[in-house]
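# Descriptive structure summary
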Amino acid sequence: MSRNFLGSSPVAGPILQFSLLIVPLVMNCFYMVYSLTGWILDGRDRRNWSIEAPSVGIWVLVFILLFSGLVIAYTRWRGGSWWHPLSISSIGHVGLAILLTISVLITVKL
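Residues numbered from 1 in each chain as written. Predicted model: local features only at pLDDT ≥ 70, side-chain atom pairs only at ≥ 80, totals over all residues. Heavy atoms only, no water.

### Describing the overall build of the chain
Filter applied, for reference: A run of H or I in DSSP counts as a helix once it spans at least four residues, and a run of E counts as a strand once it spans at least two, with each numbered from the N terminus. Each radius of gyration is computed over the set of C-alpha atoms, and the globule rule expresses the reference value as 2.2 Å times the number of residues to the power 0.38. Partly exposed describes any residue whose relative accessible area lies between the buried limit of under 20% and the exposed limit of over 50%, with all areas from a 1.4 Å probe on protein chains only and scaled to the type maximum. Contacts were defined at the residue level, with two residues in contact if any of their heavy atoms lie within 4.5 Å.
The secondary structure content of the chain amounts to three helices and zero strands. The secondary structure elements of the chain, listed N-terminal to C-terminal, are α-α-α. A compact globule built from 110 residues should have a C-alpha radius of gyration of about 13 Å, whereas the chain, at 17 Å, is more than 25% larger. Looking at the chain residue by residue over its 110 residues, the buried ones come to 32%. Intrachain contacts of the chain at a sequence separation of at least 6 include 73% that bridge at least 24 residues.

Written out as structure tokens, the structure is:
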């Protein structure tokens, strides 16, 4: 059965949709652990963490922006709406990545 209950073809198959949903989730989970690590480190360990933290934060943000942008473009190209789970997930992950990057940059300045 290739049609959904509304009669239109699906935007992505179940395996592709799972893959497109799990990649930014895993990236943001690891990024959250990385950014929260800066809040609990102290002394020399925090100084060493803060040397690389801004560049790691910016690169992770760029990757999530690009990946989410491609997922939204693919979803829209395949006929999905802005309310499709892939689009909503991408927008949410971009917002979370921006907040985590701000957290990293604030932590470096402390």
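Picking up after the structure, the text goes on.
### Some points on the environment of L100
For L100, the position within the fold is in helix α3 (residues 85–109). Sequence spacing of L100 and F18 is 82 residues, and the spatial spacing of their C-alpha atoms is 24 Å. Contacts of L100, omitting those with residues within four sequence positions, involve N28, Y31, M32 and S35.

### Looking at helix α1 (residues 14–40)
Note the following rule: Given the number of residues in a helix, its expected span is that number minus one, multiplied by 1.5 Å.
With 27 residues, α1 should reach 39 Å at 1.5 Å per residue; the first-to-last C-alpha distance of 39 Å fits that figure. All of the buried residues in α1 are L20, P24, N28, Y31, Y34, S35 and G38. In this structure, the buried residues of α1 make contact with α2 (44–77) and α3.

### Observations concerning the nonpolar core
Selection rule: The nonpolar core is taken to be a set of buried Ala, Val, Leu, Ile, Met, Phe, Trp, Tyr and Cys residues, with the residues joined through side-chain atoms within 4.5 Å.
In terms of nonpolar packing, the biggest core is built from 10 residues, these being Y31, Y34, W49, A53, V60, L61, I64, A97, L100 and V104. Mapped onto this core, the elements with two or more residues apiece are α1, α2 and α3. Other than its neighbours up to four places away in sequence, V104 contacts Y31, S35, W49, A53 and P54.

### Looking at the packing of aromatic side chains
The criterion, for reference: Pairing of aromatic side chains here covers Phe, Tyr and the six-membered ring of Trp, requires ring centres within 6.5 Å, and sorts the geometry by plane angle: under 30 degrees stacked, over 60 edge-to-face, intermediate tilted.
Counted according to the given criterion, the structure contains three aromatic pairs. Ring geometry for Y34 versus W49: centroids 5.6 Å apart, planes at 40°, classification tilted. Here Y34, found in helix α1, pairs with W49, found in helix α2; they are 15 residues apart in sequence, far enough to count as distant. When the centroid spacing of 6.1 Å and the interplanar angle of 50° are considered together, the rings of Y74 and W77 count as tilted. With a gap of three residues between them, Y74 and W77 both fall in helix α2, about one helical turn apart. Classification of W77 as exposed rests on a relative accessible area of 67%.

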